[in-house]
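Understanding the architecture of this molecule
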Amino acid sequence: MIREIHIFKEGKTLFEDVIVPNRDLDTSSVMMLVSSSAKKLQEWKIDSMEIERYRYVYMNSHDTQFIMTMDRQASLQKVSEAMMTMVSKFMTAFESVLETDEWKSTDFSPFGPGFRAVVSRIPVKVCLAGHGGTGKTTLLELATLPSKGPPQDYVPTFFGDKALLKADFDPYIFSMFDLGGQDRFVQEWGKIIRSGSMVVLVTDSTQENIDWTKRVAYPVLKAELPYARAIAIANKQDMPGALSPEEVGKRLGVPGYGMQANQADFRERWLRLLKDLAFEEIDSIVVGEIVE
Ligand SMILES: Nc1nc2c(ncn2[C@@H]2O[C@H](COP(=O)(O)OP(=O)(O)OP(=O)(O)O)[C@@H](O)[C@H]2O)c(=O)[nH]1
Ligand SMILES: [Mg+2]
């Protein structure tokens, strides 16, 4: 997921667009550091550096520094390609003004939609993780197949499945990865979840399931996606004896949100949670920081 773009020339900001602000780091100090490295790069060469859960991908062209902030976990290759596309769009529009002093008085804001279009081309990877039968496929279909209505029968997912989700998440679109939760498939998760930006832990709100999640799912997620951000879904809130979302969250060490995935009228809530997770507007936790 691309979060920000900053474009500098001679220490001046030509253009910036912050889609999801970074609340952990002092952005202007980071930009000073990264742009000084970018200045030393050869024309069209791309490099990157990581700080905490962020990765800064940068490029230098026409003595202009381009810096994209992304989730550290997301695919570096895809973002590097996006960087190429973006810089070439920028040059198509502004190359001539960059070659003279004209850039000093140019308004670069018309570049905004072009940049956002590049962002939209890389789907944000969301991983639905949890034991068999907790409701991952139900959640996937609740989001992606609204006219069908969520499935009422349990058909175990073999290995894993995925679907694109376009909703009110502009400029992002999501690629939802639904993992097979039967024990025999968990060892395969590593292959499927690589470069995921977000993890949704799905539980059926029972103690037994919470124990399984910590014992079996945590080691895989912590090994593969330490920098992804996570929330827990306390699903099946209609079942007698279901633990409250707060309790599920507390026992898992991951902020918990209640759900009834097999009910079509929970779709709005589910989409809202996904959006708020992406834009970092609800409590979530970085996977590597989960305390058991
Ligand atoms: N009572 C109740 N049942 C639910 C709820 N959400 C899902 N279910 C049912 O629970 C079962 C879960 O099925 P799936 O969503 O396929 O489970 P899964 O997590 O994808 O399982 P695997 O693919 O094996 O990992 C289905 O029968 C759903 O209809 C809920 O909130 N309440
Ligand atoms: Mg499934």
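Here's what I pulled together on the structure shown here. (Residues numbered from 1 in each chain as written. Chains lettered and ligands numbered in written order. Predicted model: local features only at pLDDT ≥ 70, side-chain atom pairs only at ≥ 80, totals over all residues. Heavy atoms only, no water.)

Given two aromatic rings, their pairing is described by the distance between the two centres and the angle made by the two planes. One pass over the full model with this rule turns up 10 aromatic pairs. Ring centres 5.6 Å apart and planes at 15° place the aromatic pair Phe 90 and Phe 108 in the stacked group. Highlighted residues: Phe 90 in helix 2 (residues 76-98) and Phe 108 in the loop between helix 2 and helix 3 (112-120), separated in sequence by 18 residues. With respect to class, Phe 90 is no different from Phe 108; both count as buried. Both rings, one in Trp 189 and one in Trp 212, keep their centres 6.5 Å apart while their planes meet at 70°; by these two values the pair is edge-to-face. Placement of the pair is Trp 189 in helix 6 (residues 189-193) and Trp 212 in helix 7 (residues 207-224), with a sequence separation of 23 residues. The exposure class of Trp 189 is buried, given its relative accessible area of 0%. For Trp 212, a relative accessible area of 4% translates into the label buried. Ring pairs connect the aromatic residues Phe 15, Phe 66, Phe 90, Phe 94, Phe 108 and Phe 111, which therefore count as one cluster. In this arrangement the basic side chain of Lys 125 is found over the ring face of Phe 177, its NZ or CZ atom lying 4.1 Å from the centre. (Phe/Tyr/Trp six-rings, centres within 6.5 Å; stacked < 30°, edge-to-face > 60°. Helix = DSSP H or I, 4+ residues; strand = E, 2+ residues; numbered from the N terminus. Buried < 20%, exposed > 50% of the residue type's maximum accessible area, 1.4 Å probe, protein only. Lys NZ or Arg CZ within 6 Å of the ring centre and 35° of its normal.)

Structural measurements only, silent on function.
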